[in-house]
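Listed below are the residues making up each chain.
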Amino acid sequence: ILNVEQSPQSLHVQEGDSTNFTCSFPSSNFYALHWYRWETAKSPEALFVMTLNGDEKKKGRISATLNTKEGYSYLYIKGSQPEDSATYLCAPTNNAGNMLTFGGGTRLMVKP
Amino acid sequence: DGGITQSPKYLFRKEGQNVTLSCEQNLNHDAMYWYRQDPGQGLRLIYYSQIVNDFQKGDIAEGYSVSREKKESFPLTVTSAQKNPTAFYLCASRFATNSPLHFGNGTRLTVT
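Residues numbered from 1 in each chain as written. Chains lettered and ligands numbered in written order. Predicted model: local features only at pLDDT ≥ 70, side-chain atom pairs only at ≥ 80, totals over all residues. Heavy atoms only, no water.

Draft legend 1. Spatial organisation of the pattern of salt bridges. Residues and elements named next belong to chain B. For the structure shown, the criterion picks out six salt bridges over all chains. With its nearest N and O atoms 3.3 Å apart, the salt bridge here joins Lys 71 to Asp 30. Taken together, the positions of Lys 71 in the loop between β7 (64–66) and β8 (76–78) and Asp 30 in the loop between β3 (19–25) and β4 (31–37) put the pair 41 residues apart, joining distant regions of the chain. Taking relative accessible area as the criterion, Lys 71 reaches 25% and is therefore assigned partly exposed. (Salt bridge = Lys/Arg side-chain N within 4 Å of Asp/Glu carboxyl O. Helix = DSSP H or I, 4+ residues; strand = E, 2+ residues; numbered from the N terminus. Buried < 20%, exposed > 50% of the residue type's maximum accessible area, 1.4 Å probe, protein only.)

And the structure:
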């Protein structure tokens, strides 16, 4: 079983604040790293799939970076909005990349 | 519209009974996955299938069984051997190894 840690477990911020959270994973046999956003009463939806060390991806106010050598990825949200409130999940894959193991998630709550 | 359909949304069973959760996709995806979520925890992988007539155990396969007779369908049977079957079950699929997962809406199973 891959050991995937996400921190913090939960986060409360004010509207307009920028925030970031971390996904840590074993760096050996790394293949890809997925980020998902899971809003209450909805299905998880994909944000990014990252494969290369040093990768940076951006989608609107959300961006992510990847360090495969040390085994971590950061997710940044610039100018948080109440609609950003969700649980953010990361899932690294190793070896052939077929098995996605999710971290426990970071629950973000943005207060208006 | 293409998507993944899980049914039913809520399922109630008596202890000792086997129960089968349905997952159907019309996205022409090769790979399909079953995850389980318990309160306060992340998603844990039960089984996955990369191709028809083939599937692999995930991290918590004990007490579950699957079949993949058709590309579109990946039913999950929760057997009486599963000690704590009450949980939220999510099915997902994806096109290729570095593609993101697409999730269904989930089935909440309650066993009493």
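Draft legend 2. Structural context of the sheet that holds strand β5 (residues 45–50) of chain A. Residues and elements named next belong to chain A. Pairing in this open sheet of five strands is mixed, and the strands run β2-β10-β9-β4-β5 from one edge to the other. If you trace the sheet from one side to the other, it starts and ends with β2 (10–14) and β5, each paired once. The sheet shows a mean angle of 20° between the axes of neighbouring strands, taken without regard to direction. One ladder, built from eight bridges, connects strand β4 (residues 30–38) with strand β9 (residues 86–94); its direction is antiparallel. If you follow His 34 over to β9, its bridge partner there is Ala 91. (Pairing = 2+ DSSP bridges. Axes fitted to C-alpha atoms, helices over the stretch in contact; angles between N-to-C directions.)

Draft legend 3. Representation of the interface of chain A and chain B. Taken together, the contacts link 21 residues of chain A with 21 residues of chain B. Note on chain A versus chain B: buried area summed over both sides is about 1,700 Å², and carbon and sulfur give 60% of it. The tally of links between chain A and chain B comes to six residue pairs in polar contact (both at pLDDT 80 or more). Listing elements by their share of the side of chain A that touches chain B, those giving two or more residues are β4 and β5 of chain A. Per-element tally for the side of chain A that touches chain B: the top contributor is β4(A), with five residues. By residue class, the composition of the side of chain A that touches chain B is 13 nonpolar, eight polar and no charged. (Contact = heavy atoms within 4.5 Å. Buried area = accessible area lost by both parts, 1.4 Å probe. Polar contact = N/O pair within 3.5 Å; in protein donor to acceptor, adjacent residues only side chain to side chain. Nonpolar A, V, L, I, M, F, W, Y, C, P; charged D, E, K, R; others polar.)

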